Amino acid sequence: MRRAPVDELLGLLRSFAVYWRPGRQRGLRSLYAPFVEPGSLVFDVGAHLGDRTVAFASLGARVVALEPQPGVARWLRRIAGRKKGVVVLEEAVGAEVGTASLAVSRRTPTVSTLSSGWRRRMMERNLGFDGVRWEDEVAVPLTTLDALVARFGLPTFCKLDIEGHEAEALAGLTHPIAGISFEFVQGGLDIARACVDHLDALGPYRFNAVAREERRFRFRPWLGAVELRAWLDAGADGLAFGDVYAKIDTGTHEAPFPSEER
């Protein structure tokens, strides 16, 4: 069995401390409950150590969790792989089926990425990446969201957290999904804008945002694509990072999401 380097173990311990701290699961269930019903299907793309996978499963969803980092994927299987309705795939998601090179950061595995351009830009533009290093390159299998839909069915929600590769992943989607989230990061807000553009072409989406690792939506009511683009173009309120949420506009009056309450 391969012995993990010390810096890789330290990176995993850091992730455990951040994503499995006490009370986090309760907050995640509250955030996702409006999107996920018992028996629904969820794609967790960039599942990492499975905190959100477990939250989805706890809400009664069937979950396809994808994590291409070999060492992290082993822990994901231990944490979430045995839970009812959870399938773990050691794969990445992109615009086409094939293989790709994953740049792995041992000490900060949450920023391992398929995007060399995003990695370079983060080092140049984002002070939060000062000192981050990507020591390893590993070839990983690449699938698409459309291929996952063909294999497992159309999900009601899809979470994308794949470090600058979100727009590439959405480029491989031609089916509107009822609810989607994707990460945004300062220095790469144009990637989030490209995601909005793709979703806007797929269907009548409304958008919102969650800052950092908070579990509260910023906008009430939800924004149209034009408004969300303007917010991103203006710098996303200077937030270091966060997630954009998109949901299909059904044309009905929307009740407040629990996490919108202040």
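Within each chain, residues carry numbers counting from 1 in the order of the written sequence. Residues qualify for local features only when their pLDDT is at least 70, as the model is predicted, and side-chain atom pairs are given and counted only at 80 or more; totals for whole chains, interfaces and linings, by contrast, use all residues. The basis for every side-chain value is the complete set of heavy atoms in the structure, and neither hydrogens nor water enter the calculation.

**Quick notes on the overall build of the protein**
We count it as follows: Put simply, DSSP marks the helices as runs of H or I at least four residues long and the strands as runs of E at least two long, and each gets a number from the N terminus on. This radius of gyration counts C-alpha atoms alone. The globule rule is 2.2 Å times how many residues there are, raised to the power 0.38. For every residue, the accessible area (1.4 Å probe, protein chains only) is compared with the maximum for its type, and the residue is labelled buried under 20%, exposed over 50%, or partly exposed between those bounds. The criterion used for residue contact is that any of the two residues' heavy atoms lie within 4.5 Å. The Shrake-Rupley method, run with a 1.4 Å probe, gives the accessible areas here. Residue values count only the displayed protein chains as cover. Charge counting treats Lys and Arg as positive and Asp and Glu as negative, with His and both chain ends excluded. Here the site of a charge means atom NZ of a Lys, CZ of an Arg, CG of an Asp or CD of a Glu.
If you tally the helices and strands in the protein, you get 9 helices and 10 strands. For the protein, the C-alpha radius of gyration of 17 Å lies close to 18 Å, the compact-globule estimate for 262 residues. Reported as C-alpha extents along the three principal axes, the dimensions of the protein are approximately 55 × 45 × 40 Å. In the protein, which comprises 262 residues, the proportion classed as buried is 53%. Look at the contacts in the protein between residues 6 or more apart in sequence, and 69% of them connect residues 24 or more apart. Entry remark: accessible area of the protein is about 12,000 Å², with carbon and sulfur atoms responsible for 53%. The centroid of the 34 positive side-chain charges in the protein is displaced by 7 Å from the centroid of its 33 negative side-chain charges.

**A closer look at the sheet that holds strand β9 (residues 205–211)**
Selection rule: One bridge is not enough; two strands pair if DSSP finds at least two bridges between them. To get an axis, a line is fitted to the C-alpha atoms, and for a helix only the part in contact is used. The angle between two axes follows their N-to-C directions and goes from 0 to 180 degrees.
Judged by pairing direction, the sheet is mixed, and its 7 strands sit side by side in the order β3-β2-β1-β7-β8-β10-β9 without closing on themselves. Two strands bound the open sheet, and with one partner strand each, they are β3 (86–89) and β9. Strand-to-strand twist across the sheet, computed as the mean angle between neighbouring axes with direction ignored, equals 15 degrees. Sheet topology places strand β1 (residues 41–45) next to strand β7 (residues 157–160); 4 bridges connect them, and they run parallel.

**A look at the pattern of salt bridges**
The condition that has to hold: The working definition used for a salt bridge is a side-chain nitrogen of Lys or Arg within 4 Å of a carboxyl oxygen of Asp or Glu.
Scanning the entire structure with this criterion turns up 14 salt bridges. Asp 190 is the partner of Arg 121 in a salt bridge, and the nearest nitrogen-oxygen pair spans 2.4 Å. Residue Arg 121 is located in helix α5 (residues 116–125), and its partner Asp 190 is located in helix α8 (residues 189–202); the two are separated by 69 residues in the primary sequence. For Asp 190, a relative accessible area of 43% corresponds to the partly exposed category. Among the salt bridges present, the one from Asp 197 reaches Arg 193, with a minimum N-O distance of 3.6 Å. With a gap of 4 residues between them, Asp 197 and Arg 193 both fall in helix α8, about one helical turn apart. For Asp 197, a relative accessible area of 32% translates into the label partly exposed.

**Notes on the side chain of Thr 110**
By the element assignment, Thr 110 lies in the loop between β5 (98–104) and α5. Taking relative accessible area as the criterion, Thr 110 reaches 18% and is therefore assigned buried. Dropping the residues within four chain positions of it, Thr 110 is found in contact with Arg 14, Ser 15, Tyr 19, His 48 and Glu 163.

**Description of the sheet that holds β5**
What the 3 strands build is an open sheet, ordered β4-β6-β5; its pairing is mixed. If you trace the sheet from one side to the other, it starts and ends with β4 (92–93) and β5, each paired once. Of the pairings in the sheet, the one linking β4 to strand β6 (residues 136–143) comprises 2 bridges and is parallel in character. The partner of Val 93 across the bridge, within β6, is Thr 143.

**Considerations on the packing of α8 against helix α9 (residues 225–233)**
Defined as follows: Roughly parallel means an angle under 35 degrees; roughly antiparallel means over 145; roughly perpendicular covers 65 to 115; every other angle is labelled oblique. Any residue outside Ala, Val, Leu, Ile, Met, Phe, Trp, Tyr, Cys, Pro, Asp, Glu, Lys and Arg is labelled polar, Gly included; the first ten of those are nonpolar and the last four are charged.
Close contact between α8 and α9 brings their axes to 9 Å; oriented N to C, the two are set at 175 degrees. As the angle between them shows, α8 and α9 are arranged roughly antiparallel. On α9, the residues that touch Leu 189, Ala 192, Arg 193, Val 196, Asp 197 and Asp 200 of α8 are Ala 225, Leu 228, Arg 229, Leu 232 and Asp 233. Considering only residue class, the contact of α8 with α9 consists of 6 nonpolar, no polar and 5 charged.

**Some details on the environment of Ser 58**
Tracing the backbone shows Ser 58 in helix α3 (residues 51–58). Classification of Ser 58 as partly exposed rests on a relative accessible area of 45%. Sequence spacing of Ser 58 and Arg 78 is 20 residues, and the spatial spacing of their C-alpha atoms is 16 Å.

**Section: the confidence of the model for the protein**
Interpretation of the predicted coordinates at a detailed level should be avoided for regions scoring low in pLDDT. Inclusion rule: The quantity known as pLDDT measures the predictor's confidence residue by residue, on a range of 0 to 100.
Confidence in the prediction of the protein, expressed as mean pLDDT, is 91, and 94% of residues score 70 or more. In the model, residues 258–262 has pLDDT below 50 throughout and makes 15 contacts with residues more than four positions away in sequence or in other chains.

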